[in-house]
Amino acid sequence: MQFHEVRFPATLSFGSVGGPERRTDVVTISNGFEERNSPWAHSRRRYDAGMGMRSLDDVETMIAFFEARYGQLFAFRWKDWSDYRSSKPSLDVTAFDQEIGTGDGVQTEFQLLKTYTSGAYSYVRPINKPVVDTIRIGVAGSEMQDTVDYTADAATGVITFNVAPVAGAIVTAGFEFDVPVRFDTDRIQTSIASFQAGEVPNVPIVEVRI
């Protein structure tokens, strides 16, 4: 995949508008009841980076980033300020925030995951672009040491243990993460006059599958 392991300037993504979208097919049958189905196992996020522009310097920075990605050609990292941690926003990241698997004495690789729960229902989201310096891992309630007990791949979100966790041991993780995205346009239109008048450019961003 054509991906640049570089983050869109976080100061510009702050203030942007966006969030997850789902695709649901809804069919209304003759008696008025509905049949609903989703072809997507995971949601896809969309953002408007233009909302984070506050000065002409910001516009110049954004254009430089756009040109370096060759428009839509290369994907990149994006910090979603509304959802970028394994913990609640008011809490610190710990090694026990999210359950990512259970040891069996053989498996050494575990994918980072974040679970969203509401009532009795939940959705498990794979985390493919963690921020490597923030990753913390726990096994059976004890925090592990990076490089000593495991290694983390920041490009995939896969944790590899040097020794497989024993059978029944709960593997947990804490982390910050980015969203893999690309520009959803090959054209950005800006105007100094309109920007100074309070208008901002439309810069659509869309999540990509990894």
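Remember, it's a predicted structure, so these values are computed and weren't measured experimentally.

Take the overall build of the protein chain next. The helix and strand inventory of the protein chain stands at 3 helices and 17 strands. By residue count, 40% of the 210 residues in the protein chain fall in the buried class. Taking as baseline every contact in the protein chain between residues at least 6 positions apart, the subset at least 24 positions apart corresponds to 74%. When the accessible surface of the protein chain is totalled, it reaches about 11600 Å², and 51% of it is carbon and sulfur.

One can find D80 in the loop between β6 (75-78) and β7 (98-102). Nearest to the buried, unbridged D80 among oppositely charged side chains is R45, at 4.4 Å. In terms of polar contacts, D80 uses its side chain to reach the side chain of Y47, at 2.8 Å. Engagement of the side chain of D80 in a polar contact is seen with the side chain of S82, the distance being 2.6 Å. Not counting the four nearest positions on each side in its chain, D80 is found in contact with R45, Y47 and V179.

Located in the positive-phi region is Y70, a residue other than glycine, with phi close to 55°. Relative to the elements of secondary structure, Y70 occurs in the loop between α2 (56-68) and β6. In this structure Y70 comes out as exposed when scored by relative accessible area, which is 59%. Unlike most non-glycine residues, T147 shows phi in positive territory, near 70°. Along the polypeptide, T147 turns up in the loop between β12 (142-143) and β13 (150-153).

A word on the pairing of strand β4 (residues 34-37). Note that strand β3 (residues 25-28) and β4 share 4 bridges and pair antiparallel. Bridge pairing links V27 to E35 in β4. A loop of 5 residues connects β3 with β4, the two strands running antiparallel in sequence, and G32 in this loop sits at a positive phi of about 95°.

Looking at where S87 falls in the secondary structure, it is placed in the loop between β6 and β7. At a separation of 3.2 Å, a polar atom in the side chain of S87 contacts the main-chain carbonyl oxygen of L91. Those residues in contact with S87 that lie beyond four places of it in its chain are D92, V93 and D97.

The rules behind the values
Residues numbered from 1 in each chain as written. Predicted model: local features only at pLDDT ≥ 70, side-chain atom pairs only at ≥ 80, totals over all residues. Heavy atoms only, no water. Helix = DSSP H or I, 4+ residues; strand = E, 2+ residues; numbered from the N terminus. Buried < 20%, exposed > 50% of the residue type's maximum accessible area, 1.4 Å probe, protein only. Contact = heavy atoms within 4.5 Å. Areas by Shrake-Rupley, 256 points an atom, 1.4 Å probe, with all protein chains shown as cover. Lys, Arg positive; Asp, Glu negative; His and termini not counted. Salt bridge = Lys/Arg side-chain N within 4 Å of Asp/Glu carboxyl O. Polar contact = N/O pair within 3.5 Å; in protein donor to acceptor, adjacent residues only side chain to side chain. Pairing = 2+ DSSP bridges.

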